[in-house]
Amino acid sequence: MRYLRIAIDEAIKLGADYADIRIQKTTEEHIYLEDTNFKENMQAVVYGYGIRVLKNGAWGFAHSNVFTDEAVLKTVKRAFEIAKYSSQLAKGEGIRLASEKSYIASYNTPLKKDPFSVPIKEKTQLMLDISKRMQNYDKIKRTTVYFYSQKDEKLFASTLGTELSINTVLVNPMVSAYAANDSDMQSRTFDDGGKATGWELIESLDFTSIANSVAQEAITKVNAETLGEEARRTLILDHGHLGLTMHESVGHPTELDRVLGWEADYAGVSFATPEKLKNYQYGSPIVNFVGDNTLAGGLATAGFDDDGVPGQKWHIIKDGILQEYSTTRDTAPYIGLDYSRGCNRATYYFDQPMNRIPNLYLLPGKEPLSLSDMISSTEDGVYIQGRGSFSIDQHRVNFQFGGDYFWEIKNGKLFRPLKKVLYRSCNPEFWNSCDAICDERYWKPFGVVNCGKGQPPQTARMTHGAAPSRFRNIRVGGSK
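Calculation rules
- Residues numbered from 1 in each chain as written.
- Predicted model: local features only at pLDDT ≥ 70, side-chain atom pairs only at ≥ 80, totals over all residues.
- Heavy atoms only, no water.
- Helix = DSSP H or I, 4+ residues; strand = E, 2+ residues; numbered from the N terminus.
- Contact = heavy atoms within 4.5 Å.
- Areas by Shrake-Rupley, 256 points an atom, 1.4 Å probe, with all protein chains shown as cover.
- Lys, Arg positive; Asp, Glu negative; His and termini not counted.
- Charge placed at Lys NZ, Arg CZ, Asp CG, Glu CD.
- Expected span 1.5 Å × (residues − 1).
- Buried < 20%, exposed > 50% of the residue type's maximum accessible area, 1.4 Å probe, protein only.
- Axes fitted to C-alpha atoms, helices over the stretch in contact; angles between N-to-C directions.
- Left-handed = near helix turned anticlockwise from the far one by under 90°.
- Nonpolar A, V, L, I, M, F, W, Y, C, P; charged D, E, K, R; others polar.
- Salt bridge = Lys/Arg side-chain N within 4 Å of Asp/Glu carboxyl O.
- Pairing = 2+ DSSP bridges.
- Phe/Tyr/Trp six-rings, centres within 6.5 Å; stacked < 30°, edge-to-face > 60°.
- Polar contact = N/O pair within 3.5 Å; in protein donor to acceptor, adjacent residues only side chain to side chain.

**Student:** If you had to explain the overall build of the protein to someone new, which residues and values would you point to?
**Tutor:** When helices and strands are tallied, the protein shows 9 helices and 24 strands. On the principal axes, the C-alpha backbone points of the protein span a range of 70 × 55 × 35 Å. Nonlocal contacts in the protein, meaning residues at least 24 apart in sequence, comprise 75% of its contacts between residues at least 6 apart. For the protein, the accessible area works out to roughly 19,700 Å², and carbon and sulfur atoms hold 49% of it. One way to put it: in the protein the 57 positive side-chain charges average out to a point 1 Å from where the 59 negative ones average out.

This is the structure:
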């Protein structure tokens, strides 16, 4: 905490309008197995501090990994000088910050077993067992198993008087099998995107069942037929698939910095501009999206963001209407708000925080409805499970998605497996076509650990979630 106080005292002495310091140690472990060959077994530590200074409506940011009094003072002065010179280019009054209280608090991801305390031999043996089980199937020609763990240890202080200690942990397993026949190769993947928890997540999973299912479904998929020409069909999408769809078509378009045009180089701006708030029919009346940085196990759940703003829960879309955005202290005032929703996050200590997607999920349906009920009431459609390819335009309007596993639905039954299915739609056609959502018994989370944004690029993590949902009259067809 000593370096926190040195930095804040120096920023006040220099005349900063606001300043904060974030000391951050990030520990990552990547273990990647291809067949029975370990392609990567890496543990990396990134440790240092980043300092932000606001002066005359402009930000200055500087960082260092040298922990001495002199280095901290020098870094504060560099951030202050950057802010001072940047303010000469500010338009109008420049950056203003939404109001916020001061906090002295701590947050720790609830966990039972630190993944970094588990012997590497135990991890690699489990991965080998998973891979060998999938390779017991003759038509499986390639397998991959990937375990990723991350721990972030942060100390934060600001000129508001806030002092925070934040420690977060995540674990993400992924298992894939590739099946081949004489003319094609197809894959099937188990990947729920990880969770903010410890090694107990791995211990809770039945990897024998997972390996068998992944291998068997990869074989089914490679021998499946394609759907044929594009036509208007009904879609039923599972939680894993919807995790990616909502990320790209709801999460990114409702980041306020993207709405304001601050973020354009990496993946474009947004069609969901401020005049649409409270009146734009983003989806059908049963569509409700919640931002929730208090979600248990959520990858964006950390107690506080990198502005020192507490995690919150709010409606982004309610009864189909666009209600709010994900915001930060420096974006919120641009649409007349004097509060932030706590969505400012950076990847490493040397990154300046930016407006990120929160834990964002689709609320389940209010009426009892199972997946089998949904399928039985669908005459002609396609059921898609898992993530696949995607493409979306620079305004987050028109998009195309694939998937990982497909079934054709005929007369209320799963008729035949498919492969190479794509669908095309746009905002608001897609979400307004949603006519059914399964109830809370079928709601599941889906994590994202590699959301890219910014120049220079950063990655962020967040959790999405949904119950199986149905969409009518969507353009669906088979690729070649």
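Continuing now.
**Student:** Describe helix α1 (residues 2–14), and please don't skip the residues or the numbers.
**Tutor:** Every α-helix winds through 3.6 residues per turn, so residues three or four apart in the chain are directed the same way. Compared with the 18 Å implied by 1.5 Å per residue over 13 residues, the 19 Å span of α1 between its first and last C-alpha is a close match. Every buried residue of α1 is listed here: Y3, L4, I6, A7, I8, E10 and A11. In this fold, the buried residues of α1 make contact with β1 (18–34), β2 (37–55), α2 (69–86) and β5 (140–158). Looking at the residues trailing α1, positive phi occurs at G15, about 100°.

**Student:** Give a detailed account of the packing of helix α3 (residues 120–135) against helix α5 (residues 207–222), specifying residues and quantitative values.
**Tutor:** It is the contact of α3 with α5, at a shortest axis distance of 8 Å, that shows an interaxial angle of 35°. Judged by the twist between their axes, the crossing of α3 over α5 is right-handed. Contacts between α3 and α5 involve L126, I130, R133 and M134 from the first element and F207, T208, A211, N212, V214 and A215 from the second. Partitioning the contact of α3 with α5 into residue classes produces 7 nonpolar, 2 polar and 1 charged.

**Student:** I'd love a proper account of the pattern of salt bridges, names of residues and values included.
**Tutor:** Counting across every chain of the model gives 34 salt bridges. When the shortest N-O distance is used, the salt bridge between K221 and D404 registers 3.8 Å. With K221 in helix α5 and D404 in the loop between β17 (398–401) and β18 (405–410), this residue pair connects regions lying 183 residues apart in the sequence. Taken as a pair, K221 and D404 share a single burial class, namely buried. Linking K410 and E408 is a salt bridge whose minimum nitrogen-to-oxygen distance equals 3.8 Å.

**Student:** Describe unusual backbone geometry, listing the residues and the values that go with them.
**Tutor:** Note that the residue after N427, namely P428, is joined by a cis bond; omega there is 5°. Topologically, P428 is positioned in the loop between β20 (421–426) and α9 (429–432). With an omega of 0°, the peptide bond between Q455 and P456 qualifies as cis. Tracing the backbone shows P456 in the loop between β22 (444–453) and β23 (458–466). The backbone phi angle of N56 is positive, close to 50°, even though this residue is not glycine.

**Student:** An account of the pairing of β20 is needed here, citing residue identities and associated values.
**Tutor:** Pairing of β17 with β20 involves 4 bridges; the strand directions are antiparallel. Among the inter-strand pairings, F399 is bridged to a residue of β20, identified as S425.

**Student:** Before we move on, can you summarise the packing of aromatic side chains with the specific residues and values?
**Tutor:** Enumeration according to the criterion identifies 25 aromatic pairs in this entry. With centroids separated by 5.1 Å and ring planes inclined at 80°, the aromatic side chains of Y349 and F350 adopt a geometry described as edge-to-face. Of the residues examined, Y349 reaches a relative accessible area of 8% and is grouped as buried. Here W431 and F471 contribute two aromatic rings whose centre-to-centre distance is 5.6 Å and whose plane-to-plane angle is 75°, an arrangement assigned as edge-to-face. Taken together, the residues span a long stretch of sequence, with W431 in helix α9 and F471 in strand β24 (residues 469–478) at a distance of 40 residues. Across this residue pair, the class does not change: W431 and F471 are buried.

**Student:** Requested: an account of the pairing of β17, with residues and values cited.
**Tutor:** For a regular strand, side chains alternate in direction, first toward one face of the sheet and then toward the other. Because side chains alternate across β17, one face comprises the buried residues F399 and F401, and the other comprises N398 and Q400, none of which is buried. Both strand β16 (residues 390–392) and β17 contribute to a ladder of 3 bridges, which runs antiparallel. Opposite I392, over in β17, you have F399 as the bridge partner.

**Student:** Lay out the side chain of Q186 with the relevant residues and their values.
**Tutor:** Secondary-structure assignment places Q186 in strand β7 (residues 185–190). On the accessibility criterion, Q186 (12% relative accessible area) is buried. Among the polar contacts made by the side chain of Q186, one reaches the side chain of D184 at a distance of 3.0 Å. Contacts of Q186, omitting those with residues within four sequence positions, involve A177, Y178, A179, A218, K221, V222, K419 and K420.

**Student:** Kindly report on the sheet that holds strand β11 (residues 321–322), identifying the contributing residues and their values.
**Tutor:** Strands sit in the order β11-β10-β9-β14-β23-β22 across an open sheet of 6 strands; the sheet is mixed. Taken across any chain shown, the strands that pair with only one partner, and hence form the sheet edges, are β11 and β22. As defined by bridge partners, strand β9 (residues 289–292) adjoins strand β14 (residues 360–362) across 3 bridges and the pair is classed as antiparallel. Its bridge partner lying in β14, V290 is registered against Y361. Relative to β23, helix α6 (residues 239–251) is tilted by about 120°, and along the sheet it contacts β9, β10 (313–318), β14, β22 and β23.

**Student:** Can you break down the environment of L235 residue by residue, with the values?
**Tutor:** Within the fold, L235 resides in strand β8 (residues 231–237). For L235 and D380, which are 145 residues apart along the polypeptide, the C-alpha to C-alpha distance reads 8.9 Å. Here L235 is in contact with V382, I384, Y423, S469, R470, F471, I474 and V476, once residues within four sequence places are set aside.

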